[in-house]
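# Coordinate analysis (summary)
Now for the letters of each chain:
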Amino acid sequence: MNRSDAQPQHAEPFHPSRLRLVSAIWLALGAAPLAFAQQHPLDAAADAAPDASAEAAANAEAQDQDSSGSRTLEAVTVTAQKRAENLQEVPISIQVLGVEKLKELQVADFDDFARYLPSVSIESGGPGFGQVYMRGVASGSNGNHSGPLPSVGQYLDEQPITTIQGALDVHIYDIERVESLAGPQGTLYGASSQAGTIRIITNKPDPSGFSAAYGVEANKVSEGGAGGVGEAYVNLPITDSAAVRLVAWRKRDAGYIDNVPGTRTFPTSEITDDNFDLAKDDYNSVDTSGVRGALQFDLFDGWTVTPTVMAQRTKAGGIFAFDRTKGDLELSHGYPERSDDRWAQAALTVQGKIGNFDITYAFANLNRDVDTETDYSDYAFWYDTLYGYGSYFYDDDGDLVNPSQYIQGRDIYRKRSHELRLSSPADDRLRFTAGLFWQRQTHDIQQRYRVDDLAEIQSVTGWQDTIWLTKQLRTDKDRAVFGEIAYDLTDALTLSAGARFFNVDNSLKGFFGFTSNYSSRTGEAACFDQTDFNGAPCINLDKNVDEDDHVGKVNLTYQLSDTKMVYATWSEGYRAGGINRRGTLPPYLSDFLTNLEAGWKTTWLDNTLAFNGAVFHQTWEDFQFALLGANGLTEIKNANQAEINGLEMDLQWALTYNFTLTGGVAFYDAELTENYCGETDANGVPIIDCDEPQAPEGTQLPITAKVKGNLVGRYNFDWGDYAGYLQGAVVHEGERKSDLRLAEREILGDLPAYTTLDLSLGFAKDDWKVDFYIRNVTDKRGEISRFAQCAEAVCGQQTYVVPIQPRIFGVRFSQEF
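Residues numbered from 1 in each chain as written. Predicted model: local features only at pLDDT ≥ 70, side-chain atom pairs only at ≥ 80, totals over all residues. Heavy atoms only, no water.

This paragraph deals with the pairing of strand S27 (residues 430-450). When strand S26 (residues 406-423) meets S27, the two strands line up antiparallel, connected through 18 bridges. Bridge pairing in S27 places Gly 409 opposite Gln 447. Taken together, S26 and the strand that follows it, S27, pair antiparallel across an intervening segment of six residues. Where S27 meets strand S28 (residues 466-488), 21 bridges bridge the pair, whose relative direction is antiparallel. Each residue of the ladder has a partner; that of Phe 432, found in S28, is Ile 485. (Pairing = 2+ DSSP bridges. Helix = DSSP H or I, 4+ residues; strand = E, 2+ residues; numbered from the N terminus.)

Shown next as structure tokens:
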């Protein structure tokens with residue numbers, strides 16, 4: 001609702017006492033983490049105070065108690081179709097975690113809320129590097145800087161935040177809701193929404209009244225260290241039509257992977273390496289700090305401007321996997337491993353009216369810089385063990401050196417987007433949304449593979465001790481015209497259709513490879529332009545691919561009654577193609593997903609039970625598949641056809657005035673419908689006729705389980721003057737395949753099914769609340785993914801498991817004003 005449509009409201013005066021309160025909150029937030037650094041840090045998560053605006057109240061997920069003492073479900077407003085609508089009237093398979101549910105589930109980051117979205121699967125490489133999949137549309141990806149674009153789009157309010165290696169891991173605090181839109185969203189959201197879209201909607205500044213909150217929490221991982229968070233927000237009315245909202249957080253996630261002492265002897269040189277100086281318990285701890293500021297003001301009747309700035313820094317040590325050959329939650333690495341992820345996004349949203357039409361303009365500029373160090377010594381050890389690799393590495397005196405490699409990386413992302421759209425009145429019989437979209441993102445890539453004491457003649461020119469260098473600039477451009485139109489054929493039957501016409505351009509330019517003294521065919525020997533490129537000695541890659549195409553959508557919705565609706569949808573999604581950095585390989589082609597879906601949105605029992613669901617059949621054409629090829633170099637190929645059949649359901653039930661059940665479940669059958677032979681023709685088209693396919697027709701796609709679901713029960717009670725609750729949450733994820741290819745799958749093994757239980761208990765009085773929780777009560781060692789440092793045929797004897805977080809205990813205190 002535009003604020004100009006509401007009755008005028010007057011901001012409360014901002015008294016000096018409130019200034020002192022705000023100062024105290026921000027001082028506590030800044031001082032606490034400094035104190036934590038002196039000892040075991042505490043983990044704090046404050047509950048945001050309820051927003052005072054009528055719009056936020058309408059969006060609230062909490063249930064309402066009527067005069068008879070029974071509880072009914074409140075309407076949830078979403079903007080999935082780029083206009084405000086009741087969730088139960090949106091013909092999309094969509095799950096929403098509102099502000100209350102996010103607090104109840106102690107959600108603090110992406111991994112936390114992904115557990116409660118059955119359609120979502122992840123491959124996590126640590127904070128900010130997770131690969132996200134939806135509805136079984138997953139072939140597996142190593143998340144390499146020159147890999148395919150993501151198939152799931154992620155948005156922060158109106159702005160896309162998906163970068164090439166993964167979406168930003170936004171800290172979840174003072175968030176209005178998370179929307180998960182399953183199935184192709186290509187018409188409204190574009191290229192990286194092939195399989196679905198996840199939207200994080202922040203609480204907006206509210207000029208109707210002052211509010212603030214803060215919180216502190218302590219937690220302890222049973223197999224690791226202690227962690228902590230400090231969080232706070234304040235909403236400050238400036239005038240009757242303007243307000244500012246400020247949010248800040250600082251968090252430490254405890255480590256639980258031990259880097260145990262160990263030695264390794266290389267067969268060729270008989271050199272023994274050790275990690276004694278880096279051995280450390282709980283070495284994968286994470287420190288995150290961030291701020292968000294938003295200003296909202298009404299320019300004049302019907303027009304609102306909201307500039308927002310958000311910045312976050314995440315520093316992680318170690319890696320989030322253990323070596324199965326060493327023991328549970330243990331590995332033995334001898335080279336530094338860390339990441340320093342810094343990003344800032346400036347955004348501007350302008351909303352207004354021209355006549356009866358709503359106008360929205362959304363701009364965003366994202367800068368993200370990531371520095372990493374990674375142990376890569378398994379590569380050297382296993383190539384030496386199997387092929388005598390160590391004999392190729394020597395120093396300036398000709399003596400053999402330790403061939404262990406480690407990677408120093410720096411990735412610089414720049415992303416800018418504009419969207420302008422026009423919507424007709426939502427209550428018109430014929431209504432539409434139409435828009436223009438433009439986006440440009442660049443990725444300045446530096447990956448330096450180092451070997452200590454390497455001879456100068458073996459080092460890439462200008463880069464001492466560097467056996468391999470990648471210095472490239474990747475640019476992805478996306479331009480589109482899109483629209484959807486809906487027409488009420490009758491009072492109960494609505495037909496809608498949409499389309500997106502797009503142009504995408506992907507280019508990759510720079511250097512990759514060895515010095516010419518080490519390889520006569522690649523690297524410097526393959527350069528065709530001796531011009532210096534961002535510090536690299538020359539240029540051996542300069543290619544681009546440009547594509548024009550379109551996707552569409554048709555939907556038919558029938559309102560059975562005021563509380564029950566059914567729909568049928570045909571929709572398409574796409575993911576742009578791109579360039580292989582191995583110049584001898586052809587570009588990989590765009591892949592397309594076609595979806596046939598039937599769904600329902602229903603409420604029952606006097607609005608105390610909501611039951612929604614969808615069944616669907618999807619075909620995935622020429623899907624992109626990334627793998628580690630020769631020399632550990634990522635290759636992307638189109639891998640033929642697949643299909644996914646599925647059923648998704650979610651439930652919200654207020655059984656009594658003080659007990660609720662919520663849950664969701666998804667069933668998927670995802671498999672190849674043609675052979676994957678591992679080869680393409682000169683144009684990048686997959687070859688399907690081969691004697692021994694790497695994955696034959698009928699092979700199950702990796703990453704996604706055949707079943708994933710959750711069930712949450714919450715009991716509210718009074719205890720004297722205190723309001724209390726007791727909550728239990730069960731999450732189950734079925735068995736998953738680790739790789740598409742059968743040989744690699746045999747080496748890595750399957751990811752076993754697991755079930756976790758979370759318990760929480762809390763008490764509140766007046767403006768404060770205290771929560772106690774245990775996550776993963778039974779300390780299950782659920783597995784997110786498995787991997788090896790190089791091609792599984794070489795490094796497969798030493799594989800790593802990325803586990804879910806072990807059991808964690810926590811207590812949180814929060815206060816609202």
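Moving on to the sheet that holds strand S22 (residues 322-323). The three strands lie next to each other as S22-S43-S42, forming an open sheet whose pairing is antiparallel. The open sheet has two edge strands with one neighbour each: S22 and strand S42 (783-787).

Quick look at the state of the cysteines now. Applying the stated rule across the entire model yields three disulfides. Each sulfur of the disulfide joining Cys 790 and Cys 795 lies 1.7 Å from the other. Around the S-S axis, the bridge from Cys 790 to Cys 795 shows a dihedral of about 90° and counts as right-handed. Across the protein chain, the disulfide pattern expressed with sequentially numbered bonded cysteines is 1-2, 3-4, 5-6. (Disulfide = S-S within 2.5 Å.)

Below, the discussion takes up the sheet that holds strand S5 (residues 94-98). Spatial strand order, S5-S12-S13-S8-S9: five strands in an open sheet with mixed pairing. Of all strands in the sheet, those with a lone pairing partner are S5 and strand S9 (159-160), marking the two edges. Relative to strand S12 (residues 175-182), S5 is paired through five bridges, and the arrangement is antiparallel. Paired with Val 96 across the bridge in S12 is Glu 179.

Right, let's get into the environment of Trp 620. Take Trp 620: it is sitting in strand S33 (residues 609-621). The exposure class of Trp 620 is buried, given its relative accessible area of 2%. Between the C-alpha atoms of Trp 620 and Asn 595, which are 25 residues apart in sequence, the distance is 9.0 Å. Excluding residues that lie within four positions of it along the chain, Trp 620 makes contacts with Val 137, Ala 138, Ser 139, Gln 194, Arg 575, Asp 591, Phe 592, Leu 593, Asn 640, Gln 641, Ala 642 and Leu 701. A distance of 3.4 Å separates polar atoms of two side chains, one belonging to Trp 620 and the other to Asp 591. (Buried < 20%, exposed > 50% of the residue type's maximum accessible area, 1.4 Å probe, protein only. Contact = heavy atoms within 4.5 Å. Polar contact = N/O pair within 3.5 Å; in protein donor to acceptor, adjacent residues only side chain to side chain.)

Before going further, it helps to examine the side chain of Asp 169. By the secondary structure assignment, Asp 169 is in the loop between strand S11 (166-167) and S12. Of the side chains bearing the opposite charge, Lys 251 lies closest to the buried Asp 169, which forms no salt bridge; the N-O distance is 6.6 Å. Look past the residues within four positions of Asp 169 in its chain and what remains in contact with it is Asp 109, Phe 110, Pro 127, Gly 128 and Gln 312. (Lys, Arg positive; Asp, Glu negative; His and termini not counted. Salt bridge = Lys/Arg side-chain N within 4 Å of Asp/Glu carboxyl O.)

Even without glycine at this site, Lys 82 takes up a positive phi of about 60°. We classify Lys 82 as buried; its relative accessible area is 7%.

The final tally for this structure, using the stated rule, is 32 aromatic pairs. On the basis of an interplanar angle of 15° and a centroid distance of 4.9 Å, the ring pair of Tyr 376 and Tyr 379 is categorised as stacked. Accessibility classification places Tyr 376 together with Tyr 379 in one group, the buried group. With a centroid separation of 5.7 Å and an interplanar angle of 90°, the aromatic rings of Tyr 379 and Tyr 389 are classed as edge-to-face. Of this pair, Tyr 379 sits in helix H6 (residues 377-387) while Tyr 389 is found in the loop between H6 and S26, placing the two residues ten residues apart along the sequence. On the basis of relative accessibility, which here comes to 9%, the residue Tyr 389 falls in the buried class. Put simply, the rings of Tyr 376, Tyr 379, Tyr 383, Tyr 387, Tyr 389, Phe 393, Tyr 449, Trp 468, Phe 512, Phe 514 and Tyr 518 pair up and form one aromatic cluster. Stacked on the ring of Tyr 722, the Lys or Arg Lys 765 has its end atom at 5.4 Å from the ring centre. (Phe/Tyr/Trp six-rings, centres within 6.5 Å; stacked < 30°, edge-to-face > 60°. Lys NZ or Arg CZ within 6 Å of the ring centre and 35° of its normal.)

Side chains of nonpolar character tend, in soluble globular proteins, to be buried together. The biggest cluster of nonpolar side chains holds 75 residues, and the ones touching the most others in it are Phe 113, Val 120, Ile 198 and Leu 701. The greatest single-element share of this core, amounting to four residues, is contributed by strand S37 (residues 659-672). Residues within four places of Ile 198 in sequence aside, it is in contact with Phe 110, Phe 113, Val 120, Val 132, Met 134, Val 152, Gly 153, Gln 154, Tyr 155, Val 178, Glu 179 and Ser 180. Judged by nonpolar contacts, the second largest core, of 27 residues, contains Tyr 389, Phe 393, Trp 468 and Cys 790. (Core = buried A, V, L, I, M, F, W, Y, C linked by side-chain atoms within 4.5 Å.)

It is worth spelling out the confidence of the model for the protein chain at this point. Across the protein chain, the average pLDDT comes to 88, with 90% of residues at 70 or higher. Below pLDDT 50 for its whole length, residues 1-64 participates in 156 contacts with residues either more than four positions away or in separate chains. (pLDDT = per-residue confidence, 0-100.)

Now for the pattern of salt bridges. Inspection of every chain in the model, using the stated rule, returns 42 salt bridges. A salt bridge links Arg 368 to Asp 341; the nearest nitrogen and oxygen atoms lie 2.7 Å apart. Linking Arg 368 in strand S25 (residues 357-375) with Asp 341 in strand S24 (residues 338-354), this pair joins segments that are 27 residues apart in sequence. For the pair Arg 368 and Asp 341, a shared accessibility class is recorded, and that class is buried.

This next bit is on H6. Of all eleven residues in H6, eight are buried; the element is thus mostly enclosed. Among the residues of H6, Ser 377, Asp 378, Tyr 379, Ala 380, Phe 381, Trp 382, Tyr 383 and Asp 384 are the ones counted as buried. Looking one or two residues past H6, Gly 388 carries a phi angle of roughly 70°, positive in sign.

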